[in-house]
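Letter by letter, the chains look like this.
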Amino acid sequence: MGRAGRRLPALAALFYGVLAALVLLGVQDVMFLYEENRCSMTYMYEYPEYLKIKLPKKTARRYPAYELYLYGEGSYAEENKNLLLTGIPVLFLPGNAGSYKQVRSLGSIALRKAEDVDFKYHFNFFSVNFNEELVALYGGSLQRQTKFVHECIKVILKLYRDQEFAPSSVAIVGHSMGGLVARALLTLKNFKPELINLLITQATPHIAPVMPLDKYLTGSVITIVRLVIEAVLNKFLSSAVPRAWASTDHLSIVWCKELILATIRAFFDLIDENTRQITEDPKKRMSVLNHHFVRHPAKMFEENPEAFTNLTGAFMWITVKGSKWTYSVYNVVMLKLLDYPSLSHIVIQVPPAAGNKIYQAFKIYIDSHCQSPKERKPSVYRLHIPWSYEDSITVAKVPSLAEISAKLHIAQPHNDSSLPELIIYSSPDCQYEIVRFHAGAFPVYIVSNILLTYGGQLSTLRSTGQCSDFSLELVRTAKPYKVEPLISIVVFLQGPTELQKDKLITPRRLCGMIPLALVSWTTCGAFAVLIIYLQYLFKVVKLHVAVRAEQNMHNRDSGHSKEASQNSSTHTVKAQSSMDSIPEATQSPSNNKTLAEAVNSLKMHITILNLFTWIVLLNLPSLIYWLKNLRYNVRLDPDPCRSTAIILICILGILMNSSTSEVKSSKLLKIAAKVPLPLSVAMLAFGRMHLYRVPHFVTFSLLLHVLCCFV
């Protein structure tokens with residue numbers, strides 16, 4: 001192995017460290033940094049207080065990490081300490097890693113609004129403390145939170161039991177994954193839908209989870225989408241809400257003043273004067289919500305609004321087309337009345353728009369590079385949607401890295417074959433690199449490339465008896481054209497310091513695997529996977545050190561042999577020089593063979609370690625969740641990787657002691673070398689939207705490797 005070969009493990013570690021950092025940046029980008037916030041901040045006028053509501057002993061014992069709070073400010077908070085509540089209950093559910101204190105904006109503005117009406121009506125805002133759990137990364141938490149919210153609704157309604165206008169239901173505001181928790185209530189067997197009179201969600205992933213890392217999370221969302229049929233849960237853009245007109249990011253939506261004001265106004269207009277609770281009339285509820293969130297005629301809400309004017313007598317419509325339109329917040333047309341002397345009324349017809357929904361949304365990065373350093377005018381990037389008035393213009397300096405937030409609010413009509421266009425206005429001597437980042441599918445493509453490299457190493461081992469370097473095999477075999485066409489078809493069809501040979505299985509190693517399997521079964525599968533991963537990493541590092549030490553010894557022996565050969569006869573010199581071309585020839589054939597096998601094994605172990613690294617990364621969220629809640633429960637239940645962890649412990653416990661000598665003579669090597677290609681196709685076809693399936697494909701390929709060691 002040359003100098004480049006010695007640097008390979010370090011370069012590979014650096015390469016995959018950078019990739020792991022990119023994945024974390026992608027996750028942060030998807031979950032926290034999507035859109036610029038242009039909302040105003042909400043402020044309090046009195047000190048906020050959060051009164052903890054005592055839960056039944058059975059509920060507190062079953063959910064020790066969760067709590068229920070009542071929001072209040074100043075004298076209002078003092079009055080509520082005796083829990084003699086007379087308002088309308090509203091329950092706020094925070095999202096992924098969210099705090100129960102995020103209810104502050106809603107509660108504070110609702111209190112100011114109640115003061116304006118002399119507390120004729122007012123709301124009591126409750127909030128659930130989910131211990132800031134990563135519910136977006138672990139589905140078991142979603143199920144547990146849903147059941148706890150059901151118990152909270154029962155507790156809240158009991159607080160009003162002796163009041164004159166006692167409510168029989170609560171309103172729910174759910175942020176992010178909190179909206180999914182609220183919807184999941186309707187899937188519980190013993191839940192009564194009439195316990196919820198209103199459900200408002202903020203930045204909730206209704207269609208699919210952001211990171212589908214386990215089957216419980218994906219399965220819960222699919223079940224919710226299928227079973228929640230009667231609920232009206234349209235997702236509106238904050239920038240499309242009347243009298244808001246401000247975009248907001250994922251977190252800032254909970255305190256966006258413009259959106260909070262619209263929400264509180266809707267709450268007060270929903271009150272029934274007779275019951276002093278939220279109206280049970282579904283027609284009025286939808287009318288109020290449409291008034292505040294969809295259309296707003298610049299006046300107070302009226303149940304039966306009168307027309308401004310009625311056209312009487314004989315009249316004729318004249319269609320007027322403006323010569324120039326300006327698209328911004330308002331549509332403006334320049335009209336010369338002198339050209340239409342017979343006009344008596346001007347009627348502006350605004351067709352219904354579907355601009356309150358996002359059909360597609362992604363980011364585009366444009367990196368500009370110019371040949372000369374001279375000053376240039378700024379570049380203009382125009383994103384044109386032919387079938388919609390959605391042209392967006394971005395001005396950026398040159399050279400620079402510009403970011404375009406592209407959104408498609410209206411679906412492409414069936415009779416329209418045009419395509420969106422990105423038009424760049426800039427200097428002709430500049431080059432542009434356009435990148436669209438797919439954060440969610442990034443891990444799947446990385447694992448697919450490593451799996452193809454792994455298959456290529458098995459092929460070269462079978463054909464030449466030598467294992468190729470990971471970096472060389474990555475360039476040779478990880479070709480997108482091998483996988484992408486087959487993906488389209490599948491998607492279409494579906495809708496130590498001393499080198500020695502170790503025994504694969506010994507009683508001591510078997511005794512080491514059994515405790516790890518018990519750890520996986522009784523605590524957390526991801527924790528057991530991390531332990532076996534660290535053992536495997538230590539084994540590879542130890543093997544690498546041993547190979548380097550053995551090679552250095554061979555190099556020293558080779559140098560001594562060359563010095564001794566200078567005092568030999570001419571025939572001896574020729575014979576010795578032919579042997580010097582292979583450094584290993586200076587030692588016995590058995591040592592030669594042992595070193596070659598160790599080098600081949602090291603290359604193979606590095607590839608397997610790369611594959612296993614991504615399995616650990618994909619299982620990391622459930623491990624973080626388990627560590628955070630370890631003081632409440634030692635066993636993670638449900639555990640999305642418990643069964644997979646037990647299989648991986650057995651596989652890696654054998655593979656870490658294996659070498660390529662057992663695999664080269666295996667009858668199954670031909671099959672094992674060809675399996676990674678179809679597995680990569682299947683992984684990209686079925687794993688991009690279900691990341692928890694990726695370890696299953698890798699486990700199957702490694703299982704064939706284990707069989708090659710015995711058959």
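Since this is a predicted model, take the numbers as computed values, not measurements.

Analysis parameters
Counting from 1, residues in each chain are numbered in the order their sequence is written. For this predicted model, a pLDDT threshold of at least 70 governs which residues receive local features, and a threshold of 80 or more governs which side-chain atom pairs are given and counted, while totals over whole chains, interfaces and linings are taken from all residues. To obtain the side-chain values, all non-hydrogen atoms of the structure were used and water was disregarded. A fitted line through C-alpha atoms represents every axis, and for helices the fit uses only the stretch in contact; the resulting angles, taken between N-to-C directions, go from 0 to 180 degrees. Secondary structure elements follow DSSP: runs of H or I of four or more residues count as helices, runs of E of two or more count as strands, with numbering from the N terminus. Left-handed is the label given to a crossing in which the near helix is rotated counterclockwise from the far helix by less than a right angle, and right-handed is the label when the rotation is clockwise. Two residues qualify as a contact provided that any one of their heavy atoms is within 4.5 Å of a heavy atom in the partner residue. As a working rule, the residues Ala, Val, Leu, Ile, Met, Phe, Trp, Tyr, Cys and Pro are called nonpolar, Asp, Glu, Lys and Arg charged, and the rest polar, with Gly in that last group. A helix is expected to reach a length of 1.5 Å times the quantity of its residues less one. Throughout, exposure labels follow a simple rule: accessible area from a 1.4 Å probe, protein chains only, divided by the maximum for the residue type, with under 20% read as buried, over 50% as exposed, and the rest as partly exposed. Residue-level confidence of the predictor, termed pLDDT, takes values from 0 up to 100. When DSSP finds two or more bridges between two strands, those strands count as paired. Roughly parallel refers to an angle under 35 degrees, roughly antiparallel to one over 145, roughly perpendicular to one between 65 and 115, and oblique to any angle outside these ranges. A pair of Phe, Tyr and Trp rings is counted when the ring centres sit within 6.5 Å of each other, with Trp represented by its six-membered ring. The angle between the planes then sorts it: under 30 degrees is stacked, over 60 is edge-to-face, the rest tilted.

Regarding the packing of helix H17 (residues 642–655) against helix H21 (residues 694–708)
Closest axis-to-axis distance for the H17/H21 pair is 10 Å, and the angle between their directions is 35°. With respect to the hand of their crossing, H17 and H21 are arranged in left-handed fashion. Of the residues in H21, those in contact with Thr644, Ile647, Leu648, Ile651, Ile654 and Leu655 of H17 are Pro695, His696, Thr699, Leu702, Leu703, His705 and Val706. Looking at side-chain class alone, the contact of H17 with H21 contains nine nonpolar, four polar and no charged residues.

Some words on H21
With 15 residues, H21 should reach 21 Å at 1.5 Å per residue; the first-to-last C-alpha distance of 22 Å fits that figure. Most of H21 sits inside the fold, with 11 of its 15 residues counted as buried. For H21, every residue scored as buried is listed here: Val694, Pro695, Phe697, Val698, Thr699, Ser701, Leu702, Leu704, His705, Val706 and Cys708.

Quick look at the confidence of the model for the protein
On average, residues of the protein score 75 in pLDDT, and 69% of them reach the 70 mark or higher. For residues 353–358, every residue scores under 50 in pLDDT, and the model assigns this stretch 16 contacts once sequence neighbours within four places are set aside. Confidence over residues 496–500 falls short of pLDDT 50; this stretch has 13 contacts with residues more than four positions distant or in other chains.

Some words on the sheet that holds strand S13 (residues 392–396)
Spatially, three strands are ordered S13-S12-S15 in an open sheet, and the strand pairing comes out antiparallel. On the outer flanks of this sheet lie S13 and strand S15 (421–425), each paired with one strand and no other. Averaged over all adjacent pairs, the angle separating strand axes in this sheet is 15°, with direction ignored. By the bridge criterion, five bridges tie strand S12 (residues 379–384) to S15 in an arrangement that is antiparallel. Residue Tyr381 lies in a different strand from S15, and its bridge partner there is Ile424.

Structural notes on the packing of helix H20 (residues 676–686) against H21
Contact geometry of H20 with H21 gives a least axis separation of 10 Å together with a crossing angle of 175°. The orientation of H20 relative to H21 falls into the category roughly antiparallel. Between H20, through Pro676, Leu679, Ala682 and Met683, and H21, the contact on the second element is made entirely by Val694, Phe697, Val698, Phe700 and Ser701.

Quick word on the packing of aromatic side chains
Scanning the entire structure with this criterion turns up 14 aromatic pairs. With a centroid separation of 6.2 Å and 10° between ring planes, the pair formed by Tyr63 and Tyr66 is classed as stacked. Residue Tyr63 is classed as buried on the basis of its relative accessible area of 7%. With relative accessibility at 4%, the residue Tyr66 sits in the buried group. An aromatic cluster of at least three residues, connected via ring pairs, comprises Tyr50, Tyr69, Tyr71 and Tyr100.

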